[in-house]
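The primary structure of each chain is shown beneath.
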Amino acid sequence: MPVKAAAQIVVVGGGPAGLAAAASAAECGKRVLLLDENPLPGGQIWRAKNGTITAEAEGWRQRAQAAGVEWRGGRQAVAAATGQLWLEHAGGVEVAAWEELILATGARELLLPFPGWTLPNCCGAGGLQALVKAGLEIRDKRVLVAGSGPLLMAVAAFLRQQGARVLLIAEQAPAGQVAAAALHLPPAKLRQAWQLRRATRGVPFLAGCWVEAAEGRQQLERVRLRRGVRRWSLECDYLACGFGLTPNSELGQLLGCALTAEAGIAVNRWQQTSVEHIWCAGEAAGIAGVEAAWRSGEIAGYAAAGRQERTAPLLARRDREQQSSQRLLRRLAPRAELRALAQDTTWLCRCEDVTVGEARPYANWREAKLQTRCGMGACQGRICGAAARFLWGWQINAARPPILPARVGTLAQAAPAPSISTEVTV
Amino acid sequence: MPERVRVKVNGRELEMPAEASVAAALMSAGVSGLRRSRTGEPRGPVCGMGVCMECRVRVDGRAHQRACQFSCREGMEIECR
Amino acid sequence: MPNSPVWDIAIIGAGIVGCACAAAAAAAGLRTAVIESQTPGGGTTAAGMGHIVVMDDSPAQFALTRYSQLLWQEWAPELPQGVEYSRCGTLWLARDETELRLAVAKQQAYRSQGVPAEMLDAGALAAAEPKLRPGLAGAMLAAEDAVLYPPAAAKFFLDRARAQGACLIQGECAALAEGGIKLRDGRRVAAGEIVLAAGAQSTGFMPGLPIAPRKGHLLITDRYPGWLHHQVVELGYLRSAHSLAEDSVACNLQPRLSGQILIGSSRQYGATSAAVEPGMLARMLQRAMDYMPELAQLSSIRAWTGFRAATPDKLPLIGAAEGHPHVWLATGHEGLGITTAPATAALLLAQMTGTPAAIPAAPYLPDRQPETGEAHA
């Protein structure tokens, strides 16, 4: 039988939003369980490095701990039903019973297909950062940072600090949009951007520049770049390429929560989803940056604890932060030319090896899935679904359990052993 | 000096830092292709956070384990293809 | 709509049965339309296992499944690779001596009808499927049973029909009307004959039909090539499939050509939500693990549900709809729609064109007298 855990409020995801939500709810006197797939809190943005929690996460962890939040790391939520959540960990299965559920499942990188994007050592931007934090030795390696969004500069600064030779930062958005985005940054953000730029001094930053193809035999050897009419090649060891973030909404989908047009979990001003007793905070509800994430986490925590009045001072600040981030992201939106990069022979679905050309003729995601198997593999369309949404505007919204691969034995423990007679009455 | 452990990668003994994820350790050791795709192409880690499934390896006989999601352990047998 | 064509046949539903009927009608030279509101082959067809299996719940079921299996064998050389047709055979597992006697009786019944079937003792069974737990008594191997990937099979039939002039009309049927079908968006499809092949949704057009939705769950694993070789079904499946009221589970495992393993099966009456029910899924998996304990360690990637169109006597409705002139039924196939789609199409077209059929059509006629009492193995 699976181990059972119960709390009045269960928070899934230990990043900024989840930490804030758990701490806030516990400060209202609720019994709170905070779950995360990683052993330490921090989520992706405050990801622990080599087993050490980051300073930002540590501050929130202390606040949560002081309020009595029970932390359970190393647990992957794989299935859910009203009032229950199935968690897999290295040693087995747990069932968490909840009265209120706060989804703080964060976001993943938006990865877009271009020829060669499946070569080993072509990583996401945040992906390469996460791998280095997990011990990948990057010293003296030649890295190209490309794609779009504020993450690129942060990743470049981090990699450089770790000793990498960052050759170039290629931001696909046009220079004018990048400048306008910078001009409209709030002072604190502007200071941060300036610090990151200082940390990457000497590394060319090219706006309006993007990767057209990655080339190599068994792994990445060089990248073909384009900026305006100029095209050139650059030899490198790693490509760190991401086009911003896309919400992790699968758990919400599974529980029947409505989605936004931007593929996030739809919430009202108190971060409540379309399903009673289920709340969502942070990037899972829409990409809006770390400040908006923890602010929305506090709101969700208070509201789920029934202390809506405590959210009053927070709502306007969250809205401002969200709007500011969204303005920035709109300026850095992936350009139309990126849609033309993927050739008919470019892989769309990495799990099932389905090409862009094979999937393109179908009317929608479901039809393409059924007939080509794209999105039917182990990642369940997390990567190719987001890409297909970008390429063809397809709606991707049919998460099924387990939301991440789970042992058959885990799912078998969702109910007590049945008493089926062995008598056969054919 | 970080603690190091001995693991086997495709039968070859390698020393890896104990706290590194298997994906990071393999890449550091120059093993970039961790699995073969359905059509036989080499694939390696992409997202580093357990969602892209490109870093699946066989660990101690169990297939499809995400190498970015756990650390090296003394005596671990890893099979990449 | 000016000059909208008048079809000889309009088929409601592009599941595997509707698509097979369309292929047969178009091949017979009839002007054929198929109406589908969703993705063709995307309903119960996509939710099913795709097991081409001879079943002997009744002599009529045996005749239909075997006839259809032979038709699939004729199609086999033409099926595209994506259909993943594989003649892996079915192992009917006997837990103990009692079940072994049932398996022997089953083998004799198969053989008496000319269907190849052989007995495996405990040792031969363990050699055939090493992952089965020790202690099973044996199995009957139906070597001609096969598996395929149903949505691609439905598309194969649909593409074939279209190559012979049939047309897919994307739209939702609102009602059967005089001389055709009214669509939800106001369009009318004029047709001489209408075929209702809407599976569990058929009662939406003909409320009196003796069809009830019977929910099932399935789970698929990641790729484990060589792990499982045959479709493996416990003999208790027959009881599970036969029960008319109680929720039940049975061990039913399928090796996909991809190396994935499809784990079934569950049967529920009265369930209306398509959501995966963790409790029912767990019961089903426990049952499967009871036969193959190492399944517990495999990585699973997706569970889903579907609704079978179940009739009280476990036989489909194939033929003229009682009281509805020019309306024909090809529905009510329960868990055997993939197996019996080609036979259904052949029997229906024979009736519609007044030509002889390969097997007697009487047991499947919609106006048959319902058989009461126990059917036999």
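The numbering scheme is per chain: residues are counted from 1 as the chain's sequence reads. In the order they appear in the text, chains get letters beginning with A and ligands get numbers beginning with 1. Side-chain atom pairs in this predicted model are given and counted only at pLDDT of 80 or more, local residue features only at pLDDT of at least 70, and totals for whole chains, interfaces and linings cover all residues. Side-chain numbers here rest on the full set of heavy atoms in the structure, without hydrogens or water.

Engineer: What am I meant to see in the overall build of chain B here?
Structural biologist: Each helix is a run of DSSP H or I of at least 4 residues and each strand a run of E of at least 2, with the numbering of both proceeding from the N terminus. Across its full length, chain B holds one helix and seven strands. In chain B, the succession of helices and strands from N to C terminus is β-β-α-β-β-β-β-β. Put simply, the radius of gyration uses C-alpha atoms, and a globule should come to 2.2 Å times the residue count raised to 0.38. The C-alpha atoms of chain B give 12 Å as radius of gyration, which agrees with the globular expectation for 81 residues (12 Å, within 12%). Principal-axis analysis of the C-alpha atoms places the extent of chain B at approximately 40 × 25 × 20 Å. In this scheme, a residue with accessible area under 20% of its type's maximum is buried, one over 50% is exposed, and one in between is partly exposed, where area comes from a 1.4 Å probe on protein chains only. Counting the 81 residues in chain B, one finds 59% classified as buried. By definition, residues are in contact when any of their heavy atoms lie within 4.5 Å. When contacts within chain B are restricted to residue pairs at least 6 apart in sequence, long-range pairs at least 24 apart make up 38% of them. Entry remark: accessible area of chain B is about 3,400 Å², with carbon and sulfur atoms responsible for 42%. Under this rule, positive means Lys or Arg and negative means Asp or Glu; His and the chain ends count for nothing. Lys charges are placed at NZ, Arg charges at CZ, Asp charges at CG and Glu charges at CD. Looking at chain B, you have 14 positive and 10 negative side-chain charges, and the mean spots of the two groups are 9 Å apart. In these tables, accessible area is a Shrake-Rupley quantity obtained with a 1.4 Å probe, and a residue counts as shielded only by the protein chains included in the view.

Engineer: Just to check I follow, could you spell out the interface of chain C and chain A for this structure?
Structural biologist: In many reports, interface size means the accessible area that the parts give up when they come together. Contact with chain C, which involves 46 residues of that partner, is made by 39 residues of chain A. When the two sides are added together, the surface that chain C and chain A hide from each other amounts to roughly 3,400 Å², 57% of it contributed by carbon and sulfur. Here, a salt bridge means any Lys or Arg side-chain nitrogen found within 4 Å of an Asp or Glu carboxyl oxygen. Between arginine 373 of chain A and glutamate 84 of chain C there is a salt bridge, with the nearest N and O atoms lying 2.9 Å from each other. Polar contact is the term for a pair of N or O atoms within 3.5 Å; when the atoms are in protein, one must be able to donate a hydrogen and the other to accept it, and sequence-neighboring residues count only if both atoms are side-chain atoms. There are 14 residue pairs in polar contact (both at pLDDT 80 or more) connecting chain C and chain A. Sorting the residues of the side of chain C that touches chain A by element identifies α4 (97-112), α6 (150-163), β12 (212-223), α7 (236-242), β15 (260-269), α8 (278-291) and β16 (299-310) of chain C as the ones contributing at least two each. For the side of chain C that touches chain A, the element with the most residues is α8 of chain C, which contributes nine residues. When residues are grouped by polarity, Ala, Val, Leu, Ile, Met, Phe, Trp, Tyr, Cys and Pro land in nonpolar, Asp, Glu, Lys and Arg in charged, and all others, Gly among them, in polar. Residue classes in the side of chain C that touches chain A are distributed as 23 nonpolar, 12 polar and 11 charged. Any two strands are treated as partners once DSSP identifies two or more bridges connecting them. As paired strands, strand β20 (residues 406-407) of chain A and β16 of chain C are joined by two bridges and run antiparallel to one another. Paired with alanine 406 of chain A across the bridge in β16 of chain C is serine 300 of chain C. Summed over both partners, the accessible area (1.4 Å probe) lost when two parts come together is defined as the buried area.

Engineer: Teacher, can you tell me more about the domain arrangement of chain A here?
Structural biologist: Residue and element names in this part refer to chain A. We note that the domain assignment places domain 1 (3-108 + 246-329), domain 2 (111-243) and domain 3 (336-392) within chain A. Centre-to-centre, using C-alpha coordinates, domain 2 lies 24 Å away from domain 3. The three residues of domain 2 that bury the most area against domain 3 are Leu112, Pro113 and Trp117, which together make up 44% of that side's buried surface. At the surface where domain 2 touches domain 3, the tally comes to zero salt bridges. By residue number, the principal contributor to the side of domain 2 that touches domain 3 is strand β12 (residues 209-215), which donates three residues. Here the side of domain 2 that touches domain 3 is composed, by residue class, of nine nonpolar, two polar and one charged. Each domain's limits were defined by an automated method or a database of domain assignments.

Engineer: Quick question: what am I supposed to make of helix α3 (residues 59-75) of chain C here?
Structural biologist: In an α-helix there are 3.6 residues to a turn, and that puts residues three or four apart on one side. Residue and element names in this part refer to chain C. Taking 1.5 Å as the rise per residue, α3 with 17 residues should run 24 Å; its terminal C-alpha atoms sit 24 Å apart, in good agreement. The element α3 is largely enclosed, with a buried count of 12 among its 17 residues. In this fold, the buried residues of α3 make contact with α1 (16-27), β3 (51-52), α4, α6, β17 (317-320) and α9 (337-353). An expected span of 1.5 Å times one less than the residue number is assigned to each helix.

Engineer: Teacher, can you tell me more about the pattern of salt bridges here?
Structural biologist: When their charged atoms lie close together, side chains carrying opposite charge are able to pair. All names here are of chain A. In this structure the tally under the stated criterion is 52 salt bridges over all chains. Glutamate 70 is the salt-bridge partner of arginine 72, the closest N and O atoms lying 2.9 Å from each other. Taking relative accessible area as the criterion, arginine 72 reaches 18% and is therefore assigned buried. Here glutamate 221 makes a salt bridge to arginine 217, at a shortest N to O gap of 3.4 Å. Taken together, the salt bridges that share partners define one network made up of Glu215, Arg217, Glu221, Arg222, Arg224 and Glu235.

Engineer: Whenever I open this one, the state of the cysteines confuses me. Can you help?
Structural biologist: Put plainly, two cysteines are in a disulfide when a covalent bond ties their sulfur atoms together. What counts as a disulfide here is a pair of cysteine sulfur atoms lying within 2.5 Å. Taken as a whole and judged by the stated rule, the model has zero disulfides over all chains. In this structure cysteine 280 of chain A is not part of a disulfide, and its nearest cysteine sulfur, from cysteine 257 of chain A, lies 7.6 Å away. Here cysteine 21 of chain C stays unpaired: no disulfide links it, and the sulfur of cysteine 19 of chain C, its closest cysteine neighbor, is 9.3 Å away.

Engineer: I keep staring at the sheet that holds strand β8 (residues 122-123) of chain A and nothing clicks. Help me out?
Structural biologist: Hydrogen bonds between backbone groups are what pair the strands of a sheet, and the pairing can be parallel or antiparallel. Residue and element names in this part refer to chain A. Read across the sheet, five strands follow the order β8-β15-β9-β10-β11 without closing on themselves; strand pairing throughout is parallel. In this open sheet, the two strands that pair with only one neighbour each are β8 and β11 (205-207). Bridge analysis of β8 against strand β15 (residues 238-243) gives two bridges, and the strand direction is parallel. The residue of β15 that forms the bridge with cysteine 123 is alanine 240. Simply put, an axis is a line fit to the C-alpha atoms, just over the touching stretch for a helix, and the angle between two N-to-C directions goes from 0 to 180 degrees. Contacts from helix α4 (residues 151-161) reach β9 (142-148), β10 (165-171), β11 and β15, with the element oriented near 180° to β10.

Engineer: Teacher, can you tell me more about the nonpolar core here?
Structural biologist: In this structure, Phe114, Leu144, Val211, Val223, Leu225 and Leu239 of chain A are the most contacted members of the largest nonpolar core, which totals 62 residues. The leading source of residues in this core is helix α12 (residues 382-392) of chain A, at seven residues. If near-sequence neighbours (up to four positions away) are discounted, leucine 239 of chain A is found in contact with Phe114, Asn121, Cys122, Cys123, Leu144, Ala146, Val211, Leu220 and Val223 of chain A. The nonpolar core is taken to be a set of buried Ala, Val, Leu, Ile, Met, Phe, Trp, Tyr and Cys residues, with the residues joined through side-chain atoms within 4.5 Å. In this structure, Ile11, Leu148, Leu158 and Met352 of chain C belong to the second largest nonpolar core, which totals 53 residues.

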